[in-house]
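Architecture and fold: a report
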Amino acid sequence: MPSSGATRELPRPGVETNAKRAAKVADLIIEDVMALGWPVGLVLGSEADLLERYHVSRAVFREAVRLVEHEQVARTRRGPGGGLVVTEPTVGVVVDAVVLYLHRVDARLDEIFEARVVLEDLACQLAITHMGKDDEARLRDFAAGASVAANGDPRALHSLIASIAGNAGLALLVQVFNRVSQLYSPGWERLGPAVTKESVHAHARIADALLARDLERAQRRMRTHLNAEADFLSTRRSTRQLLPDSVVMAESRQGKGAETVARNITRMIITEGLRPGDLVGTEPQLIGREGVSRALLREAVRLLEHHQIARMRRGPGGGLFVLVPSAHAVTEVAAIYLARRGMTLPELAELRMGVELATTGLAAARVDEEAVAALHEALAREETASEGERAEAMHDVHAAVAQAARNRALHLVALVLIRLSRLHQIERLAPQVQRQIRFELASAHTGIAGSIVAGDVVAARDGMKQHLEALGALMR
């Protein structure tokens, strides 16, 4: 078992709120699970054992357990031989977080499909590179028009190509955005034989191009297919340009009461159209509305605060208030899911290259005054960051570039990749390498931002490509 040395101890009681302390304990539990190789079914320890290991109160520890249960890292098992048991994170929890975030930021259907084009262009490229004999055999089924017709799943070819690409992060993102795009148009599975026939034909043409290892043709056919799908969905009466309320957290999982209450409150925020700063209710009002104890409501509030949906304000005029949407929950659950699947640094590097070249080009093409100000602010933060702030500040320019692309789905993807990059902390590298990285960052970021501000798509993309290649070489 990982030990709990002095460097892992939390601040003394009273230094931070219980919510922050619980979040830190949850992070330590996740680190320990990862260090053990994510052994599903292993008992990490009894509550008494873990209270001693993490040096926290029972109340803080139990709130931390709620968080790791929500993220499907571990769960409590009662009875003899019980304790905190390692569990298997599922793609469903990632989809839930993505859908909730995209709904709250009003992401449009066209943004989802633009993100899909970027991701599936890259999937075609990597699939051709990594394709083996077994992969060719599966693609031949699609080229012959057999697979889609047999199982009726319009996502099947897209998932296959992403799996052949051999990149866990890309496979997850393709799967998630395929699912999300269908939520904008209820009843997509009943589109009829004519649409199915057209889909089978398009998939056959894409598979044929991949088998011929003709990247340009495969990507062109994939883009044509995705654009045709987007155009078709946009003409359906049932299609929404924004995600409908009904698809967001519509089904409660079986589980703890606190999680159910948190989901109920989230649904209420969404269906009532509450905006950041709006009052959801006072603590007594919420206790009465949900019919639960004060202790259970407070556990639910901790979950809402951890996922930055709402925050409880104490004192006169207090209550539960809606927060500004944050991608924190998505980046956390996606990073956890991919950590379980052993995503490697080279996989992360090739995924960042594909996504960030696309967002950089879009940023240069769409740059406006707001984007210019955000880029300059990010450069200033990087320049003045203290040693303790440097790890976060070094990613600020990349986040600002993604935001300047004016696509909330791609911005979310970039934030997920940034969070994954933080798992490979630069502080762990030798001091000389750290200094080289800081020098590379300062010069490259300034050049990239300058090209974007000038609206020079080619120079911006070239600068980002050279920067990511140089950074990758330093971190090997």
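Residues numbered from 1 in each chain as written. Predicted model: local features only at pLDDT ≥ 70, side-chain atom pairs only at ≥ 80, totals over all residues. Heavy atoms only, no water.

**So, the overall build of the protein chain**
Applied cut-off: To qualify as a helix, a DSSP run of H or I must reach at least 4 residues; to qualify as a strand, a run of E must reach at least 2; elements of each kind are numbered from the N terminus. The cut-offs for exposure are 20% and 50% of the maximum accessible area for each residue type, with area from a 1.4 Å probe on protein chains only; residues under the lower value are buried, those over the upper are exposed, and the others partly exposed. Only the protein chains shown count as cover for residues, and the accessible areas themselves come from Shrake-Rupley with a 1.4 Å probe.
Helix and strand counts for the protein chain come out as 22 helices and 6 strands. Taking all 476 residues of the protein chain together, 50% fall into the buried category. A total accessible area of about 21600 Å² is found for the protein chain, and carbon and sulfur atoms account for 52% of it.

**Thoughts on the pattern of salt bridges**
Under the convention used in this document: The working definition used for a salt bridge is a side-chain nitrogen of Lys or Arg within 4 Å of a carboxyl oxygen of Asp or Glu.
Counted according to the given criterion, the structure contains 33 salt bridges. Where Arg381 meets Glu377, a salt bridge forms, and the shortest distance between an N and an O atom there is 3.0 Å. In this pair, Arg381 and Glu377 are both assigned in helix α17 (residues 369–384), 4 residues apart and thus about one turn of the helix distant.

**A short note on the confidence of the model for the protein chain**
We apply this condition: For every residue, the predictor reports its confidence as pLDDT, a number between 0 and 100. Contacts: residue pairs with any heavy atoms within 4.5 Å of one another.
Residues with a pLDDT of 70 or more make up 86% of the protein chain, whose mean pLDDT is 85. In the predicted structure, residues 3–16 sits below a pLDDT of 50 and forms 21 contacts with residues beyond four places in sequence or in another chain. A low-confidence stretch, residues 250–255 (pLDDT under 50), is modelled with 13 contacts involving residues beyond four sequence positions or located in other chains.

**Remarks on the side chain of Arg116**
For Arg116, the location among the structural elements is in helix α5 (residues 109–130). The exposure class assigned to Arg116 is buried, which follows from its relative accessible area of 2%. Setting aside chain neighbours within four positions, we find Arg116 in contact with Asp121, His158, Phe177, Asn178, Ser181, Leu226 and Glu229.

**Details of the sheet that holds strand β6 (residues 319–322)**
Rules: When DSSP finds two or more bridges between two strands, those strands count as paired. Lines fitted to C-alpha atoms define the axes, with helix axes restricted to the stretch in contact, and inter-axis angles between N-to-C directions lie between 0 and 180 degrees.
Ordered in space as β4-β6-β5, the 3 strands form an open sheet in which the pairing is antiparallel. Of all strands in the sheet, those bounded by a partner on one side alone are β4 (279–281) and β5 (310–313). For this sheet the average axis-to-axis angle between neighbouring strands, irrespective of direction, equals 35°. Of the pairings in the sheet, the one linking β4 to β6 comprises 2 bridges and is antiparallel in character. When the sheet's bridge partners are listed, Leu279 is paired in β6 with Phe321. Along the sheet face, helix α13 (residues 283–290) touches β4, β5 and β6 and points at about 55° away from the line of β4.

**Observations concerning unusual backbone geometry**
Phi at Trp38 is positive, roughly 55°, even though this residue is not glycine. Of note, Arg406 is a non-glycine position whose phi angle comes to about 60°, a positive value. Within the secondary structure layout, Arg406 lies in the loop between α19 (396–404) and α20 (408–423).

**Quick notes on the packing of aromatic side chains**
In this description, an aromatic ring pair is defined by two values, namely the gap between the centres and the angle between the planes. For clarity, the cut-off: Aromatic pairs are defined between Phe, Tyr and Trp rings, using the six-membered ring for Trp, whenever the two ring centres lie within 6.5 Å; interplanar angles under 30 degrees are classed as stacked, those over 60 as edge-to-face, and all others as tilted. Geometrically, a lysine NZ or arginine CZ counts as sitting over a ring once it is within 6 Å of the ring centre and also within 35 degrees of the ring normal.
For the coordinates displayed, the defined rule picks out 0 aromatic pairs. Stacked on the ring of Phe321, the Lys or Arg Arg313 has its end atom at 3.9 Å from the ring centre. Against the face of Tyr337 rests Arg341, its NZ or CZ located 3.8 Å from the ring centre.

**Some words on helix α14 (residues 294–306)**
The cut-off we apply is this: To estimate how far a helix should extend, the number of its residues minus one is multiplied by 1.5 Å.
Between its terminal C-alpha atoms α14 stretches 18 Å, which fits the 18 Å expected from 13 residues at 1.5 Å a residue. Count one or two residues on from α14 and you reach Gln308, which has phi positive near 55°.

**Brief notes about the packing of α5 against helix α11 (residues 215–235)**
Convention followed: Each angle is binned into one of four classes, with values under 35 degrees roughly parallel, values over 145 roughly antiparallel, values of 65 to 115 roughly perpendicular, and all other values oblique. Here a crossing is called left-handed whenever its near helix is offset anticlockwise from the far helix by less than a right angle, and right-handed whenever the offset is clockwise. Residue polarity is assigned by list, with Asp, Glu, Lys and Arg as charged and Ala, Val, Leu, Ile, Met, Phe, Trp, Tyr, Cys and Pro as nonpolar; anything else, Gly included, falls into the polar class.
In the contact formed by α5 and α11, the axes pass within 9 Å of each other and the chain directions differ by 160°. In terms of axis orientation, α5 runs roughly antiparallel to α11. Both α5 and α11 take part in a crossing whose hand is right-handed. In contact with Leu109, Phe113, Arg116, Val117, Glu120, Asp121, Cys124, Gln125 and Ile128 of α5, α11 contributes Leu215, Ala218, Gln219, Met222, Arg223, Leu226, Asn227, Glu229, Ala230 and Leu233. Class assignment for the residues of the contact of α5 with α11 results in 11 nonpolar, 3 polar and 5 charged.

**Concerning the sheet that holds strand β1 (residues 43–45)**
With antiparallel pairing, 3 strands are arranged side by side in an open sheet as β1-β3-β2. A strand with exactly one partner marks an edge of an open sheet, and here the two such strands are β1 and β2 (74–77). Each adjacent strand pair in this sheet contributes to an overall mean axis angle of 40°, direction not counted. Those strands touched by helix α3 (residues 58–70) are β2 and β3 (83–86), and its axis lies near 120° from that of β2.

**Structural notes on the environment of Ser163**
Mapped onto the secondary structure, Ser163 falls in helix α8 (residues 156–164). We classify Ser163 as partly exposed; its relative accessible area is 41%.

**Re the pairing of β5**
Here β5 shows a clear split, with Ala310 and Met312 buried on one side and none of Arg311 and Arg313 buried on the other. Direction of pairing for β5 relative to β6: antiparallel, over a ladder of 4 bridges. Paired with Arg313 across the bridge in β6 is Gly319. Turn length for the β5-β6 hairpin, with the two strands adjacent in sequence and antiparallel, is 5 residues, and the turn residue Gly315 shows positive phi of about 90°.

**Notes on the nonpolar core**
Cut-off, in case you're wondering: For this analysis, a nonpolar core means a set of buried residues of the types Ala, Val, Leu, Ile, Met, Phe, Trp, Tyr and Cys, connected via side-chain atoms within 4.5 Å.
If you look at the biggest cluster of nonpolar residues, it comprises 76 residues, and the most contacted ones within it are Val94, Leu102, Leu170 and Leu210. Apart from the residues lying within four places of it in its own chain, the contact partners of Leu170 are Leu119, Leu122, Ala123, Leu126, Ala165 and Leu351. Ranked by size, the runner-up nonpolar core spans 47 residues in total, among them Val73, Val261, Met268 and Ile336.

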